[in-house]
Amino acid sequence: MSVKEATKAAPAPVRATTEPPRHPKRKRAWDEAPRWQVYLPLGIYLVFTLIPFYWILLFSLRPAGSTSLVPWPMTFEHFEKVWTDRSFGTYFTNSVLVGVATLLMTTLVALAGGYALARFDFKIKRAFMLALLCSQFVPGALLLVPLFEIFAELQMINSLGSVILAETVFQLPLSMILISNFIKNVPYSLEEAAWVDGCNRMTAFRIVVLPLLRPGLIAVGSFAFVHSWNHFLFALMFLNNQDKQTIPVGLNSLMSADSVDLGALAAGGIIAAVPVVIVFAFIQKWLITGFSAGAVKG
């Protein structure tokens, strides 16, 4: 028999059809726990969190004098009362102006200062960072008297500008530190590549770095807005006229030494909480998104 015939007569090799055994997936501790052990604590926590909100909503929607645990018949008289009779429309407008102005000023100044801290080295850099951190331990009430004297000399008492400046100054240290950390996570090689292509430092920052800082800027600006929206002390001390007051001071005016209008107070609390809830619902998306994903993928 020739070699060719022997090759044809030889049986074809049998290929293995079975795959090698795989190692079983290692189970984690929380995968082995029953579902009720996870959902029960979360459900209890959710109930204790939502009960106060339901209670406020109940007082704001049920008629005055009612003791029902269900807001029925539903009424909006408390909202109409605080918005028109208690000047909450004016308070709301003033709070929006203070919040938006504080957001813009804090973001712009923190962006410039954070870039300097992240990209430049100077002799007092560590001392400056330490001063920024230590400033967070100083309570705002401690500086009320000197701030009042400064604003009085500048003739800014009873002006929204005094509250905006005070809120911006107290928001800047933490905002600068946060922005500098965001900028440090942006690769420096991206700016260098833009310089090679003919961009100056400002153009490279605007084209390359700034788009990657969008989540950080939104987070810092949103926190500045929420803090200025909820802050009570500066508006109480620096603003005297009722048409200049903000929402926290307006809520305080609903409470007197003799009585408290619970329905109006609850309605005012709902009005004050809605913008904050919207802002936090908006920034949650940006906090989760990786702000440096564009640099990695690009």
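Across its full length, the protein chain carries 15 helices and 0 strands. When burial is assessed residue by residue, the protein chain has 34% of its 298 residues classed as buried.

Attention shifts here to the confidence of the model for the protein chain. Overall, the prediction assigns the protein chain a mean pLDDT of 80, with 84% of residues at 70 or greater. Within the protein chain, the element-level pLDDT minimum falls on helix H15 (residues 293-297), averaging 39, and the maximum on helix H5 (residues 88-119), averaging 90.

Here we take up unusual backbone geometry. Phi at Gln155 takes a positive value of approximately 55 degrees, unusual for a residue other than glycine. If you trace the backbone, Gln155 turns up in the loop between helix H7 (144-153) and helix H8 (160-184). We classify Gln155 as exposed; its relative accessible area is 73%. The phi angle at Asn158 is positive, at roughly 65 degrees, despite the residue not being glycine. Take Asn158: its relative accessible area is 18%, and that puts it in the buried class.

Before going further, it helps to spend a moment on a nonpolar patch on the surface. On the surface, Tyr54, Trp55, Leu69, Val70, Trp72, Met74 and Phe76 cluster together to form a nonpolar patch covering roughly 820 Å² of accessible area. A residue is classified by how much of its surface remains accessible, and Trp72, at 66% relative accessible area, is exposed.

Position of Ile150 among the secondary structure elements: in helix H7. Classification of Ile150 as partly exposed rests on a relative accessible area of 45%. Note: C-alpha distance between Ile150 and Ser162 (12 residues apart in sequence) is 9.6 Å.

Here we take up the packing of aromatic side chains. Applying the stated rule across the entire model yields 13 aromatic pairs. Ring centres 5.0 Å apart and planes at 75 degrees place the aromatic pair Tyr115 and Phe205 in the edge-to-face group. Highlighted residues: Tyr115 in helix H5 and Phe205 in helix H10 (residues 201-212), separated in sequence by 90 residues. Relative accessible area serves as the criterion here: at 9%, Tyr115 is assigned to the buried category.

Turning to the pattern of salt bridges, a few remarks are in order. Going through the model one piece at a time under the given rule, you end up with 2 salt bridges. Note that Glu191 is salt-bridged to Arg119, the shortest N-O span being 2.6 Å. Residue Glu191 is located in helix H9 (residues 188-196), and its partner Arg119 is located in helix H5; the two are separated by 72 residues in the primary sequence. Here Glu191 falls in the buried class, since its relative accessible area comes to 0%. Arg119 sits in the buried class, given a relative accessible area of 16%. Of the charged contacts in the structure, one is a salt bridge between Asp121 and Lys125, with a shortest N-O distance of 3.4 Å. Judged by its relative accessible area of 75%, Asp121 is exposed.

The subject of this paragraph is the side chain of Thr107. Residue placement: Thr107 occurs in helix H5. Residue classification places Thr107 among the buried residues on the basis of a relative accessible area of 15%. Here Thr107 is in contact with Leu217 and Gly221, once residues within four sequence places are set aside.

Moving on, we come to the packing of helix H6 (residues 125-135) against H8. With their axes 8 Å apart at the nearest point, H6 and H8 run at an angle of 130 degrees to one another. As summarised for this structure, H6 and H8 are arranged oblique, according to the angle between their axes. The two elements H6 and H8 cross, and the hand of that crossing is left-handed. Where H6 approaches H8, its residues Phe128, Met129, Leu132, Leu133 and Ser135 are matched on the opposing element by Pro173, Met176 and Ile177. Residue composition of the contact of H6 with H8, by class: 7 nonpolar, 1 polar and no charged.

Before going further, it helps to spend a moment on H8. Across its 25 residues, H8 extends 35 Å between first and last C-alpha, which sits within 8% of the 36 Å expected from 1.5 Å per residue. The largest bend along H8 reaches roughly 45 degrees and is located at Leu172, with the proline Pro173 sitting one to four residues downstream.

Checked against the element boundaries, Val169 lands in helix H8. In this structure the C-alpha to C-alpha distance between Val169 and Thr106, which are 63 residues apart in sequence, comes to 8.0 Å.

Glancing now at the packing of H5 against helix H11 (residues 214-230). Remark: H5 packs on H11, axes separated minimally by 8 Å, with the N-to-C direction vectors making an angle of 140 degrees. Between H5 and H11, the angle falls in the class oblique. In the crossing of H5 with H11, the sense of the turn from one axis to the other is right-handed. Taken together, the residues of H11 that come into contact with H5 (itself represented by Phe92, Ser95, Val96, Val98, Gly99, Val100, Thr102, Leu103, Thr106, Thr107 and Leu111) are Leu217, Gly221, Ser222, Ala224, Phe225, Ser228 and Trp229.

Thresholds applied
- Residues numbered from 1 in each chain as written.
- Predicted model: local features only at pLDDT ≥ 70, side-chain atom pairs only at ≥ 80, totals over all residues.
- Heavy atoms only, no water.
- Helix = DSSP H or I, 4+ residues; strand = E, 2+ residues; numbered from the N terminus.
- Buried < 20%, exposed > 50% of the residue type's maximum accessible area, 1.4 Å probe, protein only.
- pLDDT = per-residue confidence, 0-100.
- Patch = residues over 30% accessible without salt bridge, like charges linked within 9 Å, V, L, I, M, F, W, Y side chains within 5 Å.
- Areas by Shrake-Rupley, 256 points an atom, 1.4 Å probe, with all protein chains shown as cover.
- Salt bridge = Lys/Arg side-chain N within 4 Å of Asp/Glu carboxyl O.
- Phe/Tyr/Trp six-rings, centres within 6.5 Å; stacked < 30°, edge-to-face > 60°.
- Contact = heavy atoms within 4.5 Å.
- Axes fitted to C-alpha atoms, helices over the stretch in contact; angles between N-to-C directions.
- Parallel < 35°, antiparallel > 145°, perpendicular 65-115°, else oblique.
- Left-handed = near helix turned anticlockwise from the far one by under 90°.
- Nonpolar A, V, L, I, M, F, W, Y, C, P; charged D, E, K, R; others polar.
- Expected span 1.5 Å × (residues − 1).
- Bend = angle between axes of the 7 residues up to and from the residue.

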